[in-house]
Amino acid sequence: MAEEQTRYSRLAQITKLINTKLDLHDVLEHVVTAISEEITRCDSVGIYLPQEDGTYRGYVGKPALINGMSLDMHIVDPEYDQLAKEVIETKKTIYIPDTSKDNRPDSRAVNAFKIKSLLVAPIFYENELYGLVFLFDYGIPMDLTDDEIESIKAYVNMAAVAIRNATNLTRKEDLIEEKQLLLDVTRELSLCSSLQEAIDKCFYYLSKVLKNNNIGAHFLDPAAELQMKPASLSKSSDWTEDDWKNTHRQLKVNFKKDAVFREVVDKKHSIMIPDVTTDPRPNHEACRRFGIQGLYMIPLVAVGEVLGTIAIVNLQEKGYTYPRYVRQLAESIVDATAPVLFNLIYMEKQEWIINKRTSELTQKNKELEEAITDLKKTSNEKELILNSAGEGIFGLDLDGKITFANPSAIELLGYPHEDGIMGLSYKKIFYQVNQANHFSEFVELDNAVENNGHSDSYFQKKNGSYFPVEYVITPQRQDEQIVGYVITFKDVTSRKQMEEKIKYHAYYDVVTNIPNRVLFQDRLNQALTYAELHNRSLAILFLDLDRFKKINDTFGHGFGDTVLQKAAQRLKDAMPKDATVSRQGGDEFIILLPSVKEEQDAVICANQILQAFEQLFTINNQEIAIKTSIGISLYPSDGSSSEELIKHAYLAMYKAKELSGNQFQFYSSDIDNRSLEIIKLENDLYKALNEENSFTLHYQPKINLETKEMIGMEALIRWNHPDLGLVPPHTFISLAEETGLITRLGEWVIKEACKQMMQWYAEGYREWTVSVNLSPQQFNQNTLADVVQRALNETRLPAENLELELTENLIIHNTCQTTTTIKQLKNLGVKISIDDFGTGYSSLGYLKNFPVDTLKIDKSFIDDITTNKNNAAITDTIITLANSLKLNVIAEGVETQDQIDFLKSRGCHLIQGFYFSRPLPPDQLIEEFVNKHSAKGLKK
């Protein structure tokens, strides 16, 4: 019974840890400890997490070293380990009591560790596999009972929940950031008015995601038999664009024979080559000239056609590979850019063609005017020219009646022969004739309005139908007198159809054929104007398809496009006729309800959508379930502008997803109040780092109870916020760590503390030591020793008067980098202290590997040291350990006389806490603490 209570207690404790912000590694260490304590006959417990190559790497376990190797050096490959493979496939725990009778385990591991019995359990939750747990012995079988195996499964289930929670949190944060970035990309691309502007925008976001500025674009040149040509280079590249293009010309690169370009263009997929020297496909001479070490190339594909490629090159190191999620984000940026480039390229080309054709027509009319004069002399010549002209040509007399027509004009206007068209009035040809009583007025008005160039007109055929034309009216002169007019025209039906197609794609989504972001924004702006004028309400519904990315990755992008098409159709069918259903990009849709009388109208529509998605989707004989999360914002209560309404609906949608998805949520101000506060505080922190007097240091004394002397103090940072006043560190240190500002902040603290300590040193307090806390980011900087050395040199403070405090969790991993950094600091002469000692849940054996000077007992043990026997025992053990290792030991957070008496009785005489003093500014420390307590024996 006692064992079951202990087990339940452990499970409850691990469950509690999972629901806190404790690091995943720490939670899994608790799981390993619980298993090892439960199964005492087990010699080794290890948790292995999956890698991108399909193997499983050791993450946490006991013991930390096996056969001289740390756990993260152990790899389980399911291709060799058939036992692991079976557990992965069946998701069932397998226990082998005698490995000599079972050939499934990896024989290499069995022989190396002399394993007699072995248990492998899958870490899975809701059918999702997160890793494997291995239990084995070193020569003596474990002889596990069914109850013990069930206990192991319970702890492994706790590990699965912890990993699932950590994975979901990271994924949500990454998804929000990635989707916001893609929203920004799509929005900014839609505003680009030129090809270069769109390319530069693409380069900007690619460099932001890939952290690489060496990006170039090559476009296909249809006129050169699909040959590539270098088009544009990132302005921040290590090369200038002129040098880049000149080098291409000098190399005479034949892109049609370049294997990398051909593969990207032909197969329409991206290529990642980490080391060009080991891959036969790249042009090695070009790579050498450009200094290319690695290459990542993405195709620009729009409307199924390849426009060109985007190449990102690594000029620094060989073998670097961008993570898969980074590549997916980069390729999404390129996919968003391609349709914009396609439209811009086509519009520029069409504008050039129109101008060219107009110029040609004008030139031809000049030639025809001269020819008509000559044709009066030679009718044969006249007949030849008119019949050979490709454009339609006909003449009108001063009354507007046709006097002649060439074969092309007769055919284009639909008449069987010339007799049928001769003598017809101009009104039978020109569609929608302007308001004129006579032909002369028509010509005059026509010239005045169109400036003798017509690219948006229609002619009428014999059967009454109309077709678009470009035409020019040229007066026919004889002896300075106008005797008639010549009309030259061309059928532009094909061009008009292409323009309509381009216009359609500018306002409608290519995949789903529903309105895109641009058209939705226009309709929303019109609806807002109408709602404001007529005091009406409207609603915005922002939708996201749950689990769509997993479906897309599993079945492919073609399958995913079909899902989007069917989802769009269901949304259209479920919504009122006056609603606008739009695809924003990816798996996100947005719906405008332009006329809602009350909130319930939006609720009805949201429920109709959820009901529409209840039915399974059948695609390629495959049934899948698609659900959606919906966020709703209302005008005018949730915003007055389109940006506000969309943003608030978007935030509400993410609130719905956080609440398990497949539901709707209305926007409320408390959804983003916290986010706005954090963003404001982050901006203030950036500004503060660039302003003087924004930060200050307070100092908390450290006291020796035996000598009643102050031996030093701990430097603690404060932020002088212009609005909030003096801000304590717990409010902004975590934010500084998240934003990467902690390194700059930490360097300032080291230098400022050294500067103040040197001032006290000059005043005679030469035995004091000032302590400075190091953050994990700061400690992991390769330049930490240089930073400390520079601060000591600039302030001229002796190194022995500076102590650096490292948290126990920061150094317990005992990596080579950790050992090297601590030795570098000790070589400078500074002192090293381990802060929060006792909270690391690790073996104390690591202490012998590090040259530390002091152990600081964490405040969590001191708080109830006189009432909690466990904390008292831990504190007693730490003091004994420090004395045996000849280390100083100091208790922090001491606040009562009872705590003082307990520590003195156990041999701990170094004290820090509110019992003596709170952290004080430098002048106040000397005035209110040192001077006033000098009578009690505190000395310089």
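A few points on the structure. Not measured: the values here are computed from a predicted model.

### Some words on the overall build of the chain
Stage number 1. Counting secondary structure elements, the chain contains 30 helices and 34 strands.
Stage number 2. With 940 residues in all, the chain has 46% of them scored as buried.
Stage number 3. A total of about 48,100 Å² of accessible surface is found on the chain, and carbon and sulfur atoms cover 48% of it.

### Some words on the sheet that holds strand S1 (residues 44-50)
Stage number 1. Taking strand neighbours across the sheet as the criterion, the six strands line up as S5-S2-S1-S8-S7-S6 in an open arrangement whose pairing is antiparallel. The open sheet terminates on both sides in strands that have one partner only, identified here as strand S5 (75-76) and strand S6 (94-96).
Stage number 2. Pairing of strand S7 (residues 118-125) with strand S8 (residues 128-136) involves eight bridges; the strand directions are antiparallel. Bridging from a neighbouring strand, Ala-121 pairs with Val-133 of S8.
Stage number 3. Relative to the sheet, helix H2 (residues 24-38) contacts S1, strand S2 (56-62) and S8, its axis offset from that of S2 by approximately 60 degrees.

### Side note on the pairing of strand S30 (residues 802-807)
Residues in a regular strand project their side chains so that they alternate between the two faces of the sheet.
Stage number 1. In terms of residue burial, S30 counts as a mostly covered element, since five of its six residues are buried.
Stage number 2. Of the strand pairs in this sheet, strand S29 (residues 769-773) and S30 are connected by four bridges, and their pairing is parallel. Bridge pairing in S30 places Asn-773 opposite Glu-805.

### Considering the sheet that holds strand S19 (residues 537-546)
Stage number 1. The strand order S20-S21-S19-S24-S25 describes an open sheet built from five strands, whose pairing is mixed. Of all the strands in the sheet, the pair left with one neighbour each is strand S20 (580-585) and strand S25 (664-666). Mean inter-strand twist for the sheet, computed between neighbouring axes without regard to direction, equals 20 degrees.
Stage number 2. As paired strands, S19 and strand S21 (residues 588-596) are joined by seven bridges and run antiparallel to one another. Among the inter-strand pairings, Phe-542 is bridged to a residue of S21, identified as Ile-590.
Stage number 3. Running at roughly 165 degrees to strand S24 (residues 627-635), helix H18 (residues 599-612) makes contact with S19, S21, S24 and S25 of the sheet.

### Here's the deal with the pairing of S8
Stage number 1. Buried residues dominate S8, accounting for eight of its nine residues.
Stage number 2. Pairing of S1 with S8, which is carried by five bridges, proceeds in the antiparallel orientation. Across the sheet, the residue bridging to Gly-46 is Phe-134, located in S8.
Stage number 3. Counting the residues that bridge the hairpin from S7 to S8 gives two residues, and of these Glu-126 lies at a positive phi of roughly 50 degrees.

### Description of the pattern of salt bridges
Stage number 1. One pass over the full model with this rule turns up 22 salt bridges.
Stage number 2. With a closest N to O distance of 2.9 Å, Asp-266 and Arg-262 form a salt bridge. Here the residue Asp-266 and the residue Arg-262 both occupy positions in helix H8 (residues 259-267), the gap between them amounting to four residues, near one helical turn.
Stage number 3. For Arg-262, a relative accessible area of 21% puts it in the partly exposed group.
Stage number 4. Between Asp-863 and Lys-859 there is a salt bridge, with its nearest N and O atoms 2.8 Å apart.

### A word on the packing of aromatic side chains
Stage number 1. The full count for this structure, using the stated rule, is 26 aromatic pairs.
Stage number 2. By way of ring pairs, the aromatic residues Phe-394, Phe-430, Phe-459, Tyr-471 and Phe-489 are connected into one cluster.
Stage number 3. It is Lys-461 that lies over the ring of Phe-467; its NZ or CZ is 5.4 Å from the centre.
Stage number 4. The positively charged end of Arg-570 is found above the aromatic ring belonging to Phe-617, 3.7 Å away from the centroid.

### Things to note about the environment of Arg-495
Stage number 1. Topologically, Arg-495 is positioned in helix H14 (residues 493-507).
Stage number 2. Overall, the relative accessible area of 13% leaves Arg-495 in the buried class.
Stage number 3. Placed 27 residues apart in sequence, Arg-495 and Pro-468 show a C-alpha to C-alpha distance of 9.2 Å.

### Considering the side chain of Gln-584
Stage number 1. With respect to the helices and strands, Gln-584 occurs in strand S20.
Stage number 2. Judged by its relative accessible area of 5%, Gln-584 falls in the buried class.
Stage number 3. Within the structure, Gln-584 has its side chain in polar contact with the side chain of Ser-582 (distance 3.2 Å).
Stage number 4. Look past the residues within four positions of Gln-584 in its chain and what remains in contact with it is Arg-517, Phe-520, Phe-542, Phe-589 and Ile-590.

Cut-offs and rules
Residue indices follow the written sequence of each chain, beginning from 1 at its first position. Local features in this predicted model are restricted to residues whose pLDDT is 70 or higher, and side-chain atom pairs enter the listing and the counts only when it is 80 or higher, whereas totals over whole chains, interfaces and linings include all residues. With hydrogens and water stripped out, all remaining heavy atoms of the structure feed into the side-chain values. In this text, helices come from DSSP runs of H or I with a minimum length of four residues, and strands from runs of E with a minimum of two, each type numbered from the N-terminal end. Exposure classes here rest on a 1.4 Å probe applied to the protein chains alone. A residue is buried below 20% of its type maximum, exposed above 50%, and partly exposed in between. Here, Shrake-Rupley sampling with a 1.4 Å probe gives the accessible areas, and only protein chains in the shown set may cover a residue. Strand pairing is assigned whenever DSSP detects at least two bridges linking the two strands. Contacts are residue-level and defined by heavy atoms, with any inter-residue pair within 4.5 Å sufficient. Helix axes are fitted to C-alpha atoms over the stretch in contact, other axes to C-alpha atoms as well, and angles between N-to-C directions run from 0 to 180 degrees. The term salt bridge refers to a pairing of a side-chain nitrogen on Lys or Arg with a carboxyl oxygen on Asp or Glu at a separation within 4 Å. When two rings of Phe, Tyr or Trp (its six-membered ring) have centres within 6.5 Å they constitute a pair, described as stacked for plane angles under 30 degrees, edge-to-face for angles over 60, and tilted for the intermediate range. Over a ring means this: the NZ of a Lys or the CZ of an Arg is within 6 Å of the ring centre and within 35 degrees of the ring normal. N or O atoms within 3.5 Å of each other form a polar contact, as long as, within protein, one can give a hydrogen and the other can take it, and as long as residues adjacent in sequence are counted only when both atoms are side-chain atoms.

Nothing here speaks to function; it is geometry throughout.
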